[in-house]
Amino acid sequence: MTTNEDRRLGDLAERLRHDDPRFFHALEAGTPCRPREYRHGTAWLTLAVALGGLALGIVLGHGLLIAGGLVLAGIAGHLFDPDRARVRQGIGPPHG
């Protein structure tokens, strides 16, 4: 490998270390874990609460619970987006 390629790989490793330290250290240790974009624990919990609230609102006939469940379901859907950090920063989707 050339020095230019080594420098590019070093830059890539440094960016990965900065963007997702947990994933970087797991790669370094040889124990794989999912990158941040694919960890959805909070999203699943939010979706479960949303569907529970929506179902309860339908059973009780309570409009505020139905609306709250729908809003929470929308929030949960947003949490599943792997590029939500880019959207928050105003950066467009990656090209390539």
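The structure contained in this document is the topic of the report that follows. Keep in mind it's a predicted model, so treat the numbers as computed, not measured.

Right, let's talk about the overall build of the chain for a bit. Each helix and strand in the chain was counted, giving 5 helices and 0 strands. The secondary structure elements of the chain, listed N-terminal to C-terminal, are α-α-α-α-α. Expressed as a percentage of the 96 residues in the chain, the buried residues total 14%. Restricting to contacts in the chain with at least 6 residues of sequence separation, those with at least 24 account for 27%.

So, about helix 2 (residues 21-29). Of the residues making up helix 2, those classed as buried are Phe23, Phe24 and Ala26. All buried residues of helix 2 project into a common sector of 165 degrees when viewed along the axis, lining one side. Opposite the packed face of helix 2, turned more than 90 degrees from it, sit the exposed residues Arg22, Glu28 and Ala29. Where helix 2 ends, the next residue or the one after it, Gly30, has phi of about 85 degrees, a positive value.

To continue, consider helix 3 (residues 41-60). With 20 residues, helix 3 ought to run about 28 Å at 1.5 Å a step, and its terminal C-alpha atoms sit 29 Å apart, in line with that. Those residues of helix 3 hidden inside the fold are in contact with helix 4 (63-79).

The residue Thr46 is located in helix 3 in this model. According to the relative accessible area criterion, Thr46 is buried, its value standing at 14%. Non-local contacts of Thr46, meaning those with residues more than four positions away in its chain, are made with Leu72, Ile75, Ala76 and Leu79.

A surface patch of nonpolar side chains, about 320 Å² in accessible area, is lined by Leu56, Val59 and Leu60. Locating Leu56 in the fold gives a position in helix 3. Classification of Leu56 by relative accessible area gives partly exposed; the value is 44%.

Moving on, we come to the packing of aromatic side chains. Tallying each qualifying case throughout the model produces 1 aromatic pair. Between the aromatic rings of Trp44 and Phe80, the centroid separation amounts to 4.9 Å while the plane-to-plane angle is 80 degrees, which identifies the pairing as edge-to-face. Of this pair, Trp44 sits in helix 3 while Phe80 is found in the loop between helix 4 and helix 5 (84-89), placing the two residues 36 residues apart along the sequence. Given a relative accessible area of 24%, Phe80 falls into the partly exposed group.

Here helix 1 (residues 3-19) crosses helix 2 at 125 degrees, and the two axes come no closer than 5 Å. The pairing of helix 1 with helix 2 is recorded here as oblique in orientation. Contact residues: Ala13, Leu16, Arg17, His18 and Asp19 in helix 1; Pro21, Phe23, Phe24 and Leu27 in helix 2.

Thresholds, definitions, all that
- Residues numbered from 1 in each chain as written.
- Predicted model: local features only at pLDDT ≥ 70, side-chain atom pairs only at ≥ 80, totals over all residues.
- Heavy atoms only, no water.
- Helix = DSSP H or I, 4+ residues; strand = E, 2+ residues; numbered from the N terminus.
- Buried < 20%, exposed > 50% of the residue type's maximum accessible area, 1.4 Å probe, protein only.
- Contact = heavy atoms within 4.5 Å.
- Arc of directions from axis to C-beta.
- Expected span 1.5 Å × (residues − 1).
- Patch = residues over 30% accessible without salt bridge, like charges linked within 9 Å, V, L, I, M, F, W, Y side chains within 5 Å.
- Areas by Shrake-Rupley, 256 points an atom, 1.4 Å probe, with all protein chains shown as cover.
- Salt bridge = Lys/Arg side-chain N within 4 Å of Asp/Glu carboxyl O.
- Phe/Tyr/Trp six-rings, centres within 6.5 Å; stacked < 30°, edge-to-face > 60°.
- Axes fitted to C-alpha atoms, helices over the stretch in contact; angles between N-to-C directions.
- Parallel < 35°, antiparallel > 145°, perpendicular 65-115°, else oblique.

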